[in-house]
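One-letter residues, chain by chain:
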Amino acid sequence: MARSIMIQGTTSSAGKSFLAAGLCRIFYRDGYRTAPFKSQNMALNSYITRDGLEMGRAQVMQAEAAGREPDVRMNPILLKPTSHMGSQVIVNGEVRGTMSAAEYFQHKADLIPEVKRAYASLAAENDMIVLEGAGSPAEINLKENDIVNMGMAAMADAPVLLVGDIDRGGVFASLYGTVALLTEEERHRVKGLVINKFRGDEEILRPGLAMLEDLTGIPVLGVVPYLEMDLDDEDSLSPRLDKKTTQKPVDIAVIRLPYLSNFTDFIPLERHPSLGVRYVRSAGELKHPDLVILPGTKNTMDDLLWLRQSGLEAAVCRLAEEGIPVLGICGGYQMMGLTLRDPLNVERGGELRGMGLLPVQTEFTPQKTRTRVQAGLCPETGFFKALAGKEAEGYEIHMGRTAREQGCAPFAVLSAGPDGAVCGSAAGTYLHGLFESSAVTDALARALCLRKGISPEEAQGTDHMSYKEKQYDSLAGALRRCLDMEAVYRICEEGVK
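Colleague: Got a minute to help me understand the pattern of salt bridges in this structure?
Modeller: It is possible for side chains bearing opposite charge to pair when their charged atoms get close. Applying the stated criterion across every chain, the model contains 30 salt bridges. Note that Arg206 is salt-bridged to Glu202, the shortest N-O span being 3.0 Å. Judged by relative accessible area, Arg206 falls into the partly exposed class, the value being 40%. One continuous salt-bridge network, built from bridges that share partners, spans Arg25, Arg29, Glu469 and Asp473.

Set out below in structure tokens:
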């Protein structure tokens, strides 16, 4: 049976996901068969496993750090917000339906057996399990039937490291306050405190660290500096979504839709030396980019209405008329068509006029397409012809079917048939993960550079997976330097006494 350790935080975005990934990498490099685990994840970014099941991107990133194929057991419950009040509930990779927060809270206890089975199965196959909590264990209004913080720690009988974010300010108060709000049994599980995202001279912290240890009776196992790591993140708090400018030669504008999903699609573009990626929320911010991308969304029809009301639809269409390339992915592809129909109220019901950039029609259906695919890109005309002949591996994850009108060429050919559409300088596809192919990203960069009069020799990128492997090793190296790893291993060995 695997040994375990759980990372919990005083707040959301305290760095739990990255610290868990770093520990996964350390244990993996030290020769242990390691798996990440997060019982319940709320995120707009998701991933399709090789067996066609859906899971959160954070556990995919952690699995990669552990040298493992992503497995839906690592994230048995995924909540994908579809509105301010409701989420699509995905259990063991399959959609269970859409629920309001109140409905899910009532249903949550029924999911405990599913969580236990997933964890027990992983624990039987591994030496180490690195668990991640969500939000804060001190959210006392949510403690009943908790399955993701201390409730999960109890189910796994896992010791806990509690992480506080000093970059937000008030880290001593947040760590002490979180511990104070725990029950005696829960406090006994917390075996170490970690201060994350520190900038400056650690010696200045020493008096505070000693006082914190005296007040809580729990040792501080390390102060982690603010690390400029370039790892896939997954939630709406990601700082990359606030990027409004870029210093690179090519300017790519991604529309930041209210229900934006799978923005991890564009991280390989950000990493390319010639491509600058910024996220746009208004027509004034759009300006005159070299490429516009309409990304995926968890609510295509509502986001299309927002695009229309904000003036961004008209601004994007004007750019398309000028010949600026526009690419839609998944929900963005659906928006670019002529009509969106929802006869079964999968989203909001009724019918909406699309942006009219592609001669396609979309009808929403309750069945969710989830599959990994191999794709051969085949644009025949226009700007995107530069991608013809390139191959990519990715996945489809969408509700609805999109049909091309007669004479409209596809964007790609998948094993199941043609995908997407191309019309002039506009193109759309259901393929997520398109730019993880360095051949595709380099071809796009070369075409954009040539269009702008920049030498294409400057448009050579790096292999996406090799880059990520170096980042995981850098993260592990940084944690080895600043965490008491001897104490961490001892905690894993001794468990909760």
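Let us keep going from here.
Colleague: I tried to follow the pairing of strand S26 (residues 426-429) on my own but got confused; where do I start?
Modeller: The two faces of the sheet receive side chains in turn, since in a regular strand these alternate between them. Of the two faces of S26, the one holding Ala426 and Gly428 and the one holding Ala427 and Thr429 are both buried throughout. As paired strands, strand S18 (residues 326-329) and S26 are joined by 4 bridges and run parallel to one another. Looking at the pairing, Gly328 lines up with Gly428 of S26. Alignment of strand S25 (residues 421-423) against S26, held across 3 bridges, turns out to be antiparallel. If you follow Cys423 over to S26, its bridge partner there is Ala426. Turn length for the S25-S26 hairpin, with the two strands adjacent in sequence and antiparallel, is 2 residues, and the turn residue Gly424 shows positive phi of about 65 degrees.

Colleague: Help me out: how do you make sense of the sheet that holds strand S7 (residues 86-91) in this one?
Modeller: Each strand in a sheet pairs with another by means of backbone hydrogen bonds, the pair being arranged parallel or else antiparallel. In space, the 4 strands of this open sheet follow the order S3-S6-S7-S8, with mixed pairing throughout. Both outer strands of the open sheet, strand S3 (40-42) and strand S8 (94-100), are each paired with one neighbouring strand and no more. Within the sheet, the average angular offset between the axes of one strand and its neighbour, ignoring direction, is 25 degrees.

Colleague: I keep staring at the packing of helix H6 (residues 171-181) against helix H8 (residues 206-216) and nothing clicks. Help me out?
Modeller: Working note: a packed helix pair is described by the angle between its axes plus the distance between those axes. Close contact between H6 and H8 brings their axes to 10 Å; oriented N to C, the two are set at 10 degrees. The angle between H6 and H8 falls in the class roughly parallel. On H8, the residues touching Phe172, Leu175, Tyr176 and Val179 of H6 are Gly208, Leu209, Leu212, Leu215 and Thr216. Taken together, the residues that form the contact of H6 with H8 break down as 7 nonpolar, 2 polar and no charged.

Colleague: Where do I start with the packing of aromatic side chains in this structure?
Modeller: Two descriptors summarise a pair of aromatic rings, namely the distance from one centre to the other and the angle between the planes of the rings. Scanning the model with the defined rule gives 7 aromatic pairs in all. Aromatic rings pair up to connect Phe27, Tyr32 and Tyr489 into one cluster. Over the ring of Tyr226 we find Arg199, and its NZ or CZ is 3.7 Å from the ring centre.

Colleague: Just checking my understanding: could you explain empty space enclosed by the protein for this structure?
Modeller: A probe as big as a water molecule, rolled over the atoms, marks out the empty space that is left. What the rule picks out here adds up to 2 cavities of 30 Å³ or more. What lines the second largest cavity is Ile7, Leu19, Leu23, Leu161, Val163, Val194, Leu479 and Leu483. Looking at the lining of the second largest cavity, the elements that each hand over two or more residues are helix H1 (16-29) and strand S10 (160-165). When the residues that make up the lining of the second largest cavity are grouped by side-chain class, the tally is 8 nonpolar, no polar and no charged.

Colleague: In this structure, what is going on with the sheet that holds strand S16 (residues 291-294)? I would like to understand it.
Modeller: Taken together, 6 strands build an open sheet; the order of strands is S15-S13-S16-S18-S26-S25 and the sheet is mixed. Of all the strands in the sheet, the pair left with one neighbour each is strand S15 (275-280) and S25. Direction aside, neighbouring strands of the sheet carry axes that sit 20 degrees apart on average.

Colleague: What should I look at first to understand the side chain of Lys298 in this one?
Modeller: Its location among the elements puts Lys298 in the loop between strand S17 (296-297) and helix H11 (300-310). For Lys298, which is buried and forms no salt bridge, the nearest opposite charge comes from Glu54, at a distance of 6.4 Å. Residues within four places of Lys298 in sequence aside, it is in contact with Leu44, Lys80, Pro81, Thr82, Gln88, Tyr259, Ser261, Glu347 and Lys368.

Each value, and the rule that gives it
Residues numbered from 1 in each chain as written. Predicted model: local features only at pLDDT ≥ 70, side-chain atom pairs only at ≥ 80, totals over all residues. Heavy atoms only, no water. Salt bridge = Lys/Arg side-chain N within 4 Å of Asp/Glu carboxyl O. Buried < 20%, exposed > 50% of the residue type's maximum accessible area, 1.4 Å probe, protein only. Helix = DSSP H or I, 4+ residues; strand = E, 2+ residues; numbered from the N terminus. Pairing = 2+ DSSP bridges. Axes fitted to C-alpha atoms, helices over the stretch in contact; angles between N-to-C directions. Parallel < 35°, antiparallel > 145°, perpendicular 65-115°, else oblique. Contact = heavy atoms within 4.5 Å. Nonpolar A, V, L, I, M, F, W, Y, C, P; charged D, E, K, R; others polar. Phe/Tyr/Trp six-rings, centres within 6.5 Å; stacked < 30°, edge-to-face > 60°. Lys NZ or Arg CZ within 6 Å of the ring centre and 35° of its normal. 1 Å grid on protein atoms, 1.4 Å probe; cavity = no way out; pocket = protein on both sides within 12 Å on 5 of 7 lines; lining within 4 Å. Points joined across faces, edges and corners; volume = space filled by probe spheres on them. Lys, Arg positive; Asp, Glu negative; His and termini not counted.

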